[in-house]
Amino acid sequence: EVCVFPNAAWEARVDVDGLASLASLVAIVVPYAGIMPKHLDRLRAILGGRLGSTGEGGVALHNLHHNGPITAEMAIALLLAAAKRLIPADRRIRQHDWRPRGLPFAGAQVDPPEPMVMLDGRTALVLGLGGVGSRVAAVCAALGMAVLATKRSARLGGEGGGSGIEVHPPGALRELLPRADALLVCLPGTEETRGLIGAEELALLPRHAVVVNVGRGAVIDEHALYAALREGRLHGAGLDVWWSYPATYEEALCTPPSAFPYGELDRVVLSPHRGGGIGVADLELARMRRIGEMLSAAGRDGVERMPHRWDFGLGY
């Protein structure tokens, strides 16, 4: 048997405790990409050593990557909005203030335009060349950017990743950062990626660099990024993932996403983790299609051939 959980709120809708009594259970499908630690702990408590085991009685855990395209779109949206400082310019034109344009008027003082970074001819560094990162890299290349990327399976010295993308192993990060005009984080949250980008790494970026994070908040050091932005050591940032999240509806009305006041910085574009596209009709249809494809693969080729098996060692 294969159990497909309905959504991220599956604990309230599934007889989870009943899973332990299903001797024929061989796989669980959690229908989203990032499986939360509390859900993993809950499943471990119920299934014990069966969860993730490849032996007899083992239960494989699978996730879905149906939201890769829409998450990549959010990354590009944040990159462009931060590079062009769209948010402060939008706020000022709503007040009928044209000064961010920087256009001179006869006999009048000219205010400098709102700073912008031109991306054509610049270099993007994409961390994580999976389903999201590969799409982000392709769009950056289409914008005229040279593209560097890190990928776990890449070899030292770099290799071609298609479309002119230069792919390196994660260990080359510090050598790549000084070359990056845009840093786009598309990594999962694991023990290995936690704190990967700290103060020393941010200091290696050019002062005009833009940082985008659609992976997990903890990949970037919270205070280090805030300090670099506040002190003007980066052009800007676009953030869709955070360090603090609400646990209830009431908390959703008043929970700051960070211990530091990112919302006070004009050079930051803030998004409340919308990149996954929760509730978007097209995405829900894609979710259903992917689940159907997975179940078809299980019926046709066997459960062991189902895609997107969770690797407990890697944490994704």
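The present account deals with the structure reproduced in this document. (Residues numbered from 1 in each chain as written. Predicted model: local features only at pLDDT ≥ 70, side-chain atom pairs only at ≥ 80, totals over all residues. Heavy atoms only, no water.)

**Some thoughts on the environment of Ala228**
Piece 1. Residue placement: Ala228 occurs in helix α7 (residues 222–230).
Piece 2. A relative accessible area of 1% places Ala228 in the buried class.
Piece 3. For the pair Ala228 and Arg174, spaced 54 residues apart in sequence, the C-alpha separation works out to 17 Å.
Piece 4. Ignoring sequence-local partners within four residues, the contact set of Ala228 consists of Arg233 and Leu234. (Helix = DSSP H or I, 4+ residues; strand = E, 2+ residues; numbered from the N terminus. Buried < 20%, exposed > 50% of the residue type's maximum accessible area, 1.4 Å probe, protein only. Contact = heavy atoms within 4.5 Å.)

**With respect to the pattern of salt bridges**
Piece 1. Under the definition given, this model contains 18 salt bridges.
Piece 2. A salt bridge links Asp41 to Arg44, with the nearest nitrogen and oxygen atoms 3.3 Å apart. Remark: Arg44 and Asp41 occur in helix α1 (residues 37–47); sequence separation between them is 3 residues, near one turn of the helix.
Piece 3. Salt-bridge contacts for Arg230 lead to Glu231; the nearest nitrogen and oxygen are separated by 3.1 Å.
Piece 4. Judged by its relative accessible area of 45%, Arg230 falls in the partly exposed class.
Piece 5. By relative accessible area, Glu231 is classed as partly exposed at 42%. (Salt bridge = Lys/Arg side-chain N within 4 Å of Asp/Glu carboxyl O.)

**With respect to the packing of aromatic side chains**
Piece 1. Throughout the structure, instances matching the rule amount to 5 aromatic pairs.
Piece 2. Measuring from ring centre to ring centre gives 5.5 Å for Tyr226 and Tyr262, while their planes differ by 65°; the resulting arrangement is edge-to-face. With Tyr226 in helix α7 and Tyr262 in the loop between α8 (249–252) and β11 (268–270), the pair connects residues that are 36 residues apart, well separated along the chain. For the pair Tyr226 and Tyr262, one class covers both residues: buried. (Phe/Tyr/Trp six-rings, centres within 6.5 Å; stacked < 30°, edge-to-face > 60°.)

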